[in-house]
Amino acid sequence: MKFFSDVAQCFTNEKYFSALLEGLKLTLAISVGAAIIGLFLGTLVALVRLSSGKSRWMKIPRAVCNVYLVVIRGTPMALQLFIMAFIIFAIRGFPKIITAILAFGINSGAYVAENIRAGILSVDIGQTEAGRALGLTQGITMRKIIIPQAIKNVIPAIGNELIALIKETSIVSMIGMFDLTAAAQNIGSGHNLASYLGPMTVAALFYLVIVYALTFAIKQIERRLRSGDKR
């Protein structure tokens, strides 16, 4: 009975509920900001790695992108967050939310880049050859023919990355930020261990609602994009 009482109190106690809402706002702000950066950065990196230029000027960006992918995908997110917060942006008064958005956005971009690259490569090479045979440039062929088809292939993978991103933001309390998880932890602190169960359950419900809403939206987008396909 105490568990249900603790859960109910998270909604009925104004102080607790306000703390959870503030934590939720921060979680959503970091997730949305990081997702935008991740999608932009990932698309850019994917296109650079797929570029067919043979000049040395293209070799340098490709090398930078390869190093970026190896480093970001090969190190823990928590470590990257610590480095961003306490080394790179260890500036008095620098907003921690900006630090978190950049850290998660850069991390997400590495995974998005590989998803987009795989989606583009999954499009039959004949599509590219057909576009070039019609006299289209490489850029126009990519933009008008390849990318629209690739988007359909990468939507599920991008959706999974966005869901993972939202859940990963729960570690921002490690650098002193008051997100949804930290709010639940703060509500349960100062009592016995069992007191954490109620607030943490409420926080989990918030995460589930967000993830379910995002999953539903992704499915609708995927269905709309594929509505014109011939089966």
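Treat the numbers as computed from the prediction; the structure is a model and nothing was measured. (Residues numbered from 1 in each chain as written. Predicted model: local features only at pLDDT ≥ 70, side-chain atom pairs only at ≥ 80, totals over all residues. Heavy atoms only, no water.)

## Examining the overall build of the protein chain
Per the secondary structure count, the protein chain includes nine helices and zero strands. Listing each helix as α and each strand as β along the protein chain from the N terminus yields α-α-α-α-α-α-α-α-α. Expressed as lengths along the three principal axes of its C-alpha atoms, the size of the protein chain is roughly 70 × 50 × 25 Å. Burial statistics for the protein chain: of 231 residues in total, 37% are counted as buried. (Helix = DSSP H or I, 4+ residues; strand = E, 2+ residues; numbered from the N terminus. Buried < 20%, exposed > 50% of the residue type's maximum accessible area, 1.4 Å probe, protein only.)

## Remarks on the packing of aromatic side chains
Scanning all chains against the criterion turns up four aromatic pairs. Ring centres of F11 and F206 lie 6.5 Å apart, and the angle between their planes is 40°; on these two criteria the pair is classed as tilted. Placement of F11 in helix α1 (residues 2-12) and of F206 in helix α9 (residues 197-225) is noted, with a sequence separation of 195 residues between them. Relative accessible area serves as the criterion here: at 43%, F11 is assigned to the partly exposed category. Given the relative accessible area of 17%, F206 is considered buried. Centroid distance F89 to F94: 4.8 Å. Interplanar angle 10°. Geometry classified as stacked. Through pairs of rings, three or more aromatic residues link up here, namely F11, F17 and F206. (Phe/Tyr/Trp six-rings, centres within 6.5 Å; stacked < 30°, edge-to-face > 60°.)

## Points about the packing of α1 against helix α2 (residues 14-50)
In the contact formed by α1 and α2, the axes pass within 5 Å of each other and the chain directions differ by 80°. As the angle between them shows, α1 and α2 are arranged roughly perpendicular. Contact with α1, carried on its side by Q9, C10, F11 and T12, involves E14, Y16, F17 and L20 of α2 and no other residues of that element. (Axes fitted to C-alpha atoms, helices over the stretch in contact; angles between N-to-C directions. Parallel < 35°, antiparallel > 145°, perpendicular 65-115°, else oblique. Contact = heavy atoms within 4.5 Å.)

## Regarding the pattern of salt bridges
On inspection of all chains with the given rule, the structure shows four salt bridges. Residues E114 and R49 are paired through a salt bridge, measuring 2.6 Å at the closest nitrogen-oxygen approach. Here R49 lies in helix α2 and E114 lies in helix α5 (residues 96-121), a separation of 65 residues in the sequence. A salt bridge links R117 to E114; the shortest N-O distance between them is 3.3 Å. Taken together, the positions of R117 and E114, both in helix α5 and three residues apart, correspond to about one turn of that helix. (Salt bridge = Lys/Arg side-chain N within 4 Å of Asp/Glu carboxyl O.)

## Describing the nonpolar core
In summary, soluble globular proteins display a tendency toward joint burial of nonpolar side chains. By size, the foremost hydrophobic cluster in this structure holds 29 residues, and its most contacted members are I30, L81, F104, V172 and M177. Within the residue set of this core, elements represented by two or more residues are α2, α4 (77-88), α5 and α7 (138-168). Looking at this core element by element, the count peaks at eight residues for α7. The contact partners of I30, leaving out residues within four places of it in the chain, are I97, A100, I101, F104, T169, V172 and M177. In terms of nonpolar packing, the next biggest core, distinct from the first, is built from 15 residues, V7, C10, I187 and A203 among them. (Core = buried A, V, L, I, M, F, W, Y, C linked by side-chain atoms within 4.5 Å.)

## Details of the side chain of T99
Here T99 is to be found in helix α5. Given the relative accessible area of 3%, T99 is considered buried. With residues near it in sequence (within four places) discarded, T99 still touches M84, A85, F89 and F94.

## Remarks on the packing of α2 against α9
It is at 12 Å that the axes of α2 and α9 come closest, and there the two elements cross at 40°. With respect to the hand of their crossing, α2 and α9 are arranged in right-handed fashion. Judged by residue contacts, L20, L24, T27 and L28 of α2 engage V202, F206, Y207 and I210 from α9. When its residues are assigned to classes, the contact of α2 with α9 shows seven nonpolar, one polar and no charged. (Left-handed = near helix turned anticlockwise from the far one by under 90°. Nonpolar A, V, L, I, M, F, W, Y, C, P; charged D, E, K, R; others polar.)

## Some details on the environment of K2
When you line up the elements, K2 lands in helix α1. Overall, the relative accessible area of 46% leaves K2 in the partly exposed class. Residues K2 and L81, 79 residues apart in the sequence, show an inter-C-alpha distance of 36 Å.

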